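Structural overview for review
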Amino acid sequence: MSVSRSESSQLMPNRVIPALGLLALALVWLLDVGTIQPNRIVPGTGHGLVSAVGWGGAALVTSTLAGSILLAFLNLRGRYLIQLALLGLSLALLPLLLDVFASRHLPEDSPFARSSIGAGFWCLLFFLFLMLIETLGRLGSRRGLELLLVVVIGGSWLIFLQSEGLESLSLVREFNARPAKFEQAFWTHLALAFGAVAISAVLAFGLALKMMRSPGWQRPILGLVSFLQTIPSLAVFGLLIAPLSALVAAFPVLETLGIRGIGWTPALLALVAYSLLPMVRNTFVALTEVPENLADAGRGMGMNERQLFFKLKLPLALPVIIEGVRITTIQAIGLTAVAALIGAGGFGSFIFQGLGQAAMDLVLLGALPTIALALLADAVFTMLAASLKPTPATA
Amino acid sequence: MIELKHVTRRFGPTVAVDNINLTIETGEVCVLVGSSGCGKSTTLRMINRLLPHSEGEILVDGEDITTMNAEQLRLNMGYVIQGTGLFPHWTVARNIAMVPQLLKWPRDRIDARVHELMTLLDLDPATHANKYPQQLSGGQAQRVGVARALAADPNILLMDEPFGALDAITRENLQLEMLRIQKQVRKTTVFVTHDIDEALKLATRIAVMDQGRIIQHDTPENILRRPASEFVENLVGKQDRGLKLMSLRPVRQLMQAHPAPKRPEPGAEGLKEEDNLRLALSVMLWQGAEQVPVFNARGEETGVITRERLIQEGA
Amino acid sequence: MRLWLPPVLLAVLLCGLSAGMPALEPLFHWVQPDKQQVIYERESFLFLLQNHLLLVLISAAVGTLVAVAGGIFATRPSGRDFLPLVSQVASIGQTFPPVAVLALAVPVLGFGEAPILVALMLYGLLPILRNTLAGLEGISPAVKEAARGMGMSPLQVLVRAELPLAGRVILAGIRTSVTINIATAAIGSTIGARTLGDPVIAGLVNGNTAYVLQGAILIGLLALATDSLFEALERTWDRRFSPQVAV
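Nothing here was measured: the structure is a model prediction, and the numbers come from that model.

Looking now at the overall build of chain C. Along the backbone of chain C there are 11 helices and 0 strands. Sequence-ordered secondary structure for chain C, helices as α and strands as β, is α-α-α-α-α-α-α-α-α-α-α. Once the C-alpha set of chain C is aligned to its principal axes, its extents read approximately 75 × 45 × 25 Å. Looking at chain C alone, contacts between residues at least 24 apart form 78% of all its contacts between residues at least 6 apart. Put simply, chain C shows about 10,400 Å² of open surface, and 69% of that area lies on carbon and sulfur atoms.

Below you can see the structure in the form of structure tokens.
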């Protein structure tokens, strides 16, 4: 008979954390932790771990990682909680490394000099996060714990970013040079992505209902929306320009509404087209796959069709629909960045401007918030779907 | 012959099988019976080394299995499991041919063997050979599972609740089938089940297991007559032990034989020599008869069985 | 045979259009009357197509190898420890927008073909990895148990049972990966990779809609040809390896 092995594995040495820790240790020692640039464009000089944060800092980083590795071998109850605390604290205090680095190496007298983050630091960050994910996984998913970690790490980073120590960081410099533009890009990005998701949700609901009522439409509708999904974004954006321009030329009244061949119009159209496939598919599946025997049981107990829909079908379908919204939102946030190429604005404009000017930190100023938005949307919708599941989700 | 000597299996701190000793003679059907979690499947899976044993020795024909190559060991043991485990991407014929193929038999020998086994298990080769497992009924699929296990003519057959997922009628059919096949092929069989009736029907000896230990290892009759503990007594069912005992014995043992087989009277109804005593009792009760004629396989009347004798000596 | 008709036709159309774009000059003059130059001539379309395809092919090949190997490793007893992390990474990684991954590759690797190739490989690996895990984990435990119990070695179980059974799901992962990578490679033009995205970007910069159209049409055709190729491959797979589904 199968006997649960989970309790025994709790106390077995974990091989994943040591593997990740050793990799992190090697990379943080081998690669540059940071770079000092005399100005925005000139390539800077890199600094390894010891040079960047001194022997004290290097020792601290090394001992933290080593401690984490050793902890994985310890035969101790509750070791994963200690591990979690250690990793969470390290991640929260990670910006301190950059602070120390800047204060040690930034020349006092040159206002254009700036520090930027090196590959070693990125690797450290990445592997610490992987170790954190692994530890969380071993502890079993606990929402409260995850939320606490996000608040502690995120809050600490925000405080550090606003402090003086990181003011010289080129990423912060790029932001400080254009706070208004950043804010505008943020709202444009949100408006485009969520606008597209909202419109496609309404359309998808209609299409899903049509498919439910007339099964003959299922193949053509699904075929069309997956066809749209197949065409690469750049091509869709490009293909929309000519017809839209022609349309505006033919009906100048459209131009007064702000509709043009480039800009938000083709961007929104393309985003909606892209969002249709995941939306339609999930909505349709969600609404059709309510088990017939459940519906029959409901009818048998005297529910009418209206009650059946609101008390049975919708609650069961909602998590699946929200999963569709999650996929669509993440996709739309990414594609909105591409839409900057046709002048739609958003964080993508920083990415492509930065690429054009070879200003890497401007690229980061666009890319990092885009990723953060996508991750945030993922987290929010995952939690929402989990909280709406009729049965409590078990690990 | 399979011998388990002081075999223990632990999963972490839990002991699944606790210091058991068990000898299974060549050609016998040993049924391990017990409730779920008692260690019967673990014991079975240790015999073909799907699970390593923590302590003790397991010998197959006198040889310690840990000294053998695990794959070689398993190639010489048929293995049948509850979910059949047929490869869904292979046809029935190819599934049956699995082990012969691993043993690199020549093509025509494999084909002949597959044909032979399908016939043995009452599967029509013409209609079923090229079907896929999903296209079979549960009973057919398990027949294929048994055929696959017998394919390379192994000496040993390990069966882990093979009929557990089937409906009652199909299960009954397959049990009878198994008895018939066992008579022909005489495999040393270890059979795991939680169903005591299945155990009584199929076993030459039963090992009752509870909490990782063997409580009693004996013939079905002795298990019924002399249960070693209250646990075994409850397992076999205290109250209807009498009927269960009757169902172990064939009519042949209690009938009063005629000096010579007689031609039956036309339209006469009766029992067959192989029918069990329980059936005989049932027939008498239903017909209100004091005695019932018994026929042999050729349809000749070879004797009669009386109600008096049945009641006195049946159980 | 009818299965293979759409990919062949689309491929022929794609190559023909790449080679014969200048012949369509009058058409593009009509689209863009105010420009002298209406056919993109900085590179030949055939060269761009070839380069685009090469990027996608290399990244798909490397991505498939790495992802399948990783998926197999994480589902073996020796690598089981890594399974939760690997599957988490595969799913979290896919929330990263491809453009952002592309943008992040530049600071590390600079401009040109190298960063885009690395970005395509890393990003393209994720859907394949995810599907490999799903495919291998989705196989009924009874099948694996029986296979081992019948005397198959772990390698035989992998090659004869697990990979054929998971293959269809892995193939679907490769399809997703290639679809994403064709699109991402097009955007790669902005970081100096010469792909079919070049004419689109050049057209957007110069306000030349004709260039944009030429690039967009070819990218669209490439995507459709590839997608229909995968459609044909999947149908063929279904027919040959899992006919029981069709019956």
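Before going further, it helps to spend a moment on the interface of chain C and chain A. Every contact between the two is made by 40 residues of chain C and, on the other side, 41 residues of chain A. It is Asp81, Leu85 and Thr95 of chain C in chain C that bury the most area against chain A; as a group they hold 17% of the surface buried on that side. Our count for the chain C to chain A interface comes out at 1 salt bridge. Viewed at the interface, chain A and chain C are joined by 3 residue pairs in polar contact (both at pLDDT 80 or more). Secondary structure elements with two or more residues in the side of chain C that touches chain A: helix H4 (83-93), helix H5 (98-109), helix H8 (154-187), helix H9 (197-206) and helix H10 (209-241) of chain C. Broken down by element, the residue count for the side of chain C that touches chain A peaks at 10 residues, all from H10 of chain C.

Residues and elements named next belong to chain B. Among the residues making up helix H13 (residues 277-287), those that are buried are Leu277, Ala280, Leu281 and Met284. Buried residues along H13 cover an arc of 100° about the axis, so they all sit on one side. Here the buried face of H13 lies against helix H12 (241-248), strand S12 (271-272), strand S13 (291-295), strand S14 (301-306) and helix H14 (307-313). The residue sitting at the N-terminus of H13 and contributing the capping side-chain oxygen is Asn276; that oxygen lies 3.1 Å from the backbone nitrogen of Arg278.

In this section: the interface of chain C and chain B. Across the boundary between the two partners, chain C contributes 21 residues, which contact 25 residues of chain B. Here chain C packs against chain B, burying approximately 2,000 Å² in sum over the two surfaces, 65% of which is carbon and sulfur. Taken together, the links from chain C to chain B amount to 1 salt bridge. Of the charged contacts, one joins Glu145 of chain C and Arg45 of chain B as a salt bridge, the two residues approaching to 2.3 Å between their closest N and O atoms. In this assembly, chain C and chain B are joined by 4 residue pairs in polar contact (both at pLDDT 80 or more). Those elements that place two or more of their residues in the side of chain C that touches chain B are helix H7 (141-149), H8 and helix H11 (243-246) of chain C. For the side of chain C that touches chain B, the element with the most residues is H7 of chain C, which contributes 7 residues. Per-class residue counts for the side of chain C that touches chain B are 13 nonpolar, 5 polar and 3 charged.

With numbering aligned to this structure, UniProt lists the feature "domain: ABC transmembrane type-1" (unreviewed entry) at residues 186-381 of chain A. Helix makes up 84% of residues 186-381 of chain A and strand makes up 0%, while its end C-alpha atoms are separated by 20 Å.

Residues and elements named next belong to chain A. Partitioning chain A into domains gives domain 1 (3-171) and domain 2 (179-388). Centre-to-centre, using C-alpha coordinates, domain 1 lies 35 Å away from domain 2. Counting from both sides, the interface comprises 9 residues of domain 1 and, opposite them, 10 residues of domain 2. For the pairing of domain 1 and domain 2, the buried interface totals around 770 Å² over both sides, and the portion due to carbon and sulfur atoms is 64%. Summed over the three residues of domain 1 that lose the most area to domain 2, namely Arg40, Arg143 and Leu171, the buried surface amounts to 59% of that side. Summed over the shared surface of domain 1 and domain 2, the result is 0 salt bridges. In this assembly, domain 1 and domain 2 are joined by 0 residue pairs in polar contact (both at pLDDT 80 or more). Mapped by element, the contributors of at least two residues to the side of domain 1 that touches domain 2 are helix H7 (143-162) and helix H8 (170-177). Taken together, the residues of the side of domain 1 that touches domain 2 break down into 4 nonpolar, 3 polar and 2 charged.

Turning to unusual backbone geometry, a few remarks are in order. Glycine aside, the phi torsion of most residues is negative, and most peptide linkages are trans. All names here are of chain B. Look at His6: it is not a glycine, yet its phi comes out positive at around 50°. On the secondary structure map, His6 appears in strand S1 (residues 2-11). On the accessibility criterion, His6 (47% relative accessible area) is partly exposed. Backbone geometry places Asn19, a non-glycine residue, at a positive phi of 50°. Note that Asn19 resides in strand S2 (residues 14-24).

In this section: the pairing of S2 of chain B. In terms of strand pairing, S1 of chain B meets S2 of chain B through 7 bridges, oriented antiparallel. The residue of S2 of chain B that forms the bridge with Leu4 of chain B is Leu22 of chain B.

This part covers the packing of H8 of chain A against helix H17 (residues 360-388) of chain A. Residues and elements named next belong to chain A. Running from N to C, H8 and H17 cross one another at 80°; their axes reach a closest spacing of 8 Å. Between H8 and H17, the angle is such that the two are roughly perpendicular. Here H8 contributes Ser170, Leu171, Glu174 and Phe175 to the contact with H17, which in turn contributes Asp361, Leu362, Leu364, Leu365 and Leu368. Residues that form the contact of H8 with H17 fall into these classes: 6 nonpolar, 1 polar and 2 charged.

In this section: the sheet that holds strand S2 (residues 45-47) of chain A. All names here are of chain A. Pairing is antiparallel across the open sheet formed by 3 strands, whose spatial order is S2-S1-S3. Looking at the sheet topology across the chains shown, the edges are occupied by S2 and strand S3 (114-117). Put simply, the sheet's adjacent strands are angled 30° from each other on average, direction ignored.

The next subject is a nonpolar patch on the surface. Residues Leu54, Ile58, Val62, Leu65 and Val66 of chain C make up a contiguous nonpolar surface patch of about 410 Å² in total accessible area. If you trace the backbone, Leu54 of chain C turns up in helix H3 (residues 45-75).

According to UniProt, the "transmembrane region" (unreviewed entry) feature falls on residues 53-75, 96-126 and 211-230 of chain C. In the segment residues 53-75 of chain C, helix accounts for 100% and strand for 0%; the C-alpha atoms at its two ends are 32 Å apart.

Attention shifts here to the packing of aromatic side chains. For any two aromatic rings, the description comes down to two numbers: the centre-to-centre distance and the angle of the planes. Taken as a whole and judged by the stated rule, the model has 12 aromatic pairs over all chains. With 5.3 Å between their ring centres and 45° between their planes, Phe182 of chain A and Phe347 of chain A make a pair best called tilted. Of the two residues, Phe182 of chain A is situated in helix H9 (residues 179-213) and Phe347 of chain A in helix H16 (residues 347-357); the sequence distance between them amounts to 165 residues. Each ring, one from Phe182 of chain A and one from Phe350 of chain A, has its centre 6.1 Å from the other, and the planes form 5°; the classification is stacked. Here the residue Phe182 of chain A occupies a position in helix H9, and Phe350 of chain A occupies one in helix H16, the gap between them amounting to 168 residues. The class for Phe182 of chain A is buried, based on a relative accessible area of 17%. When its relative accessible area of 2% is taken as the criterion, Phe350 of chain A is described as buried. Three or more aromatic residues joined by ring pairs make a cluster, and in this case those are Phe175, Phe182, Phe186, Trp187, Phe347 and Phe350 of chain A. The ring of Trp90 of chain B carries Arg94 of chain B above its face, with NZ or CZ at 4.0 Å from the centroid. Here the basic side chain of Arg109 of chain B rests over the ring of Trp105 of chain B, its NZ or CZ set 3.6 Å away from the ring centre.

All names here are of chain B. Buried residues dominate S1, accounting for 7 of its 10 residues. Here S1 hands over to S2 after 2 residues, with Gly12 in that stretch at a positive phi of 60°. The pairing of S1 with strand S4 (residues 55-60) spans 5 bridges and is antiparallel. Across the sheet, Lys5 pairs through a bridge with Glu57, a residue of S4.

A word on the side chain of Ser68 of chain A. Residues and elements named next belong to chain A. Position of Ser68 relative to the elements: it lies in helix H3 (residues 49-73). In this structure Ser68 comes out as buried when scored by relative accessible area, which is 1%. Within polar-contact distance, the side chain of Ser68 engages the side chain of Gln83 at 2.3 Å. Beyond its immediate sequence surroundings of up to four residues, Ser68 is in contact with Ile17, Gln83, Leu86, Leu87 and Met131.

The rules behind these values
- Residues numbered from 1 in each chain as written.
- Chains lettered and ligands numbered in written order.
- Predicted model: local features only at pLDDT ≥ 70, side-chain atom pairs only at ≥ 80, totals over all residues.
- Heavy atoms only, no water.
- Helix = DSSP H or I, 4+ residues; strand = E, 2+ residues; numbered from the N terminus.
- Contact = heavy atoms within 4.5 Å.
- Areas by Shrake-Rupley, 256 points an atom, 1.4 Å probe, with all protein chains shown as cover.
- Buried area = accessible area lost by both parts, 1.4 Å probe.
- Salt bridge = Lys/Arg side-chain N within 4 Å of Asp/Glu carboxyl O.
- Polar contact = N/O pair within 3.5 Å; in protein donor to acceptor, adjacent residues only side chain to side chain.
- Buried < 20%, exposed > 50% of the residue type's maximum accessible area, 1.4 Å probe, protein only.
- Arc of directions from axis to C-beta.
- Nonpolar A, V, L, I, M, F, W, Y, C, P; charged D, E, K, R; others polar.
- UniProt positions renumbered as here; feature names shortened; annotations may be inferred.
- Domains from an automatic or database assignment.
- Pairing = 2+ DSSP bridges.
- Axes fitted to C-alpha atoms, helices over the stretch in contact; angles between N-to-C directions.
- Parallel < 35°, antiparallel > 145°, perpendicular 65-115°, else oblique.
- Patch = residues over 30% accessible without salt bridge, like charges linked within 9 Å, V, L, I, M, F, W, Y side chains within 5 Å.
- Phe/Tyr/Trp six-rings, centres within 6.5 Å; stacked < 30°, edge-to-face > 60°.
- Lys NZ or Arg CZ within 6 Å of the ring centre and 35° of its normal.

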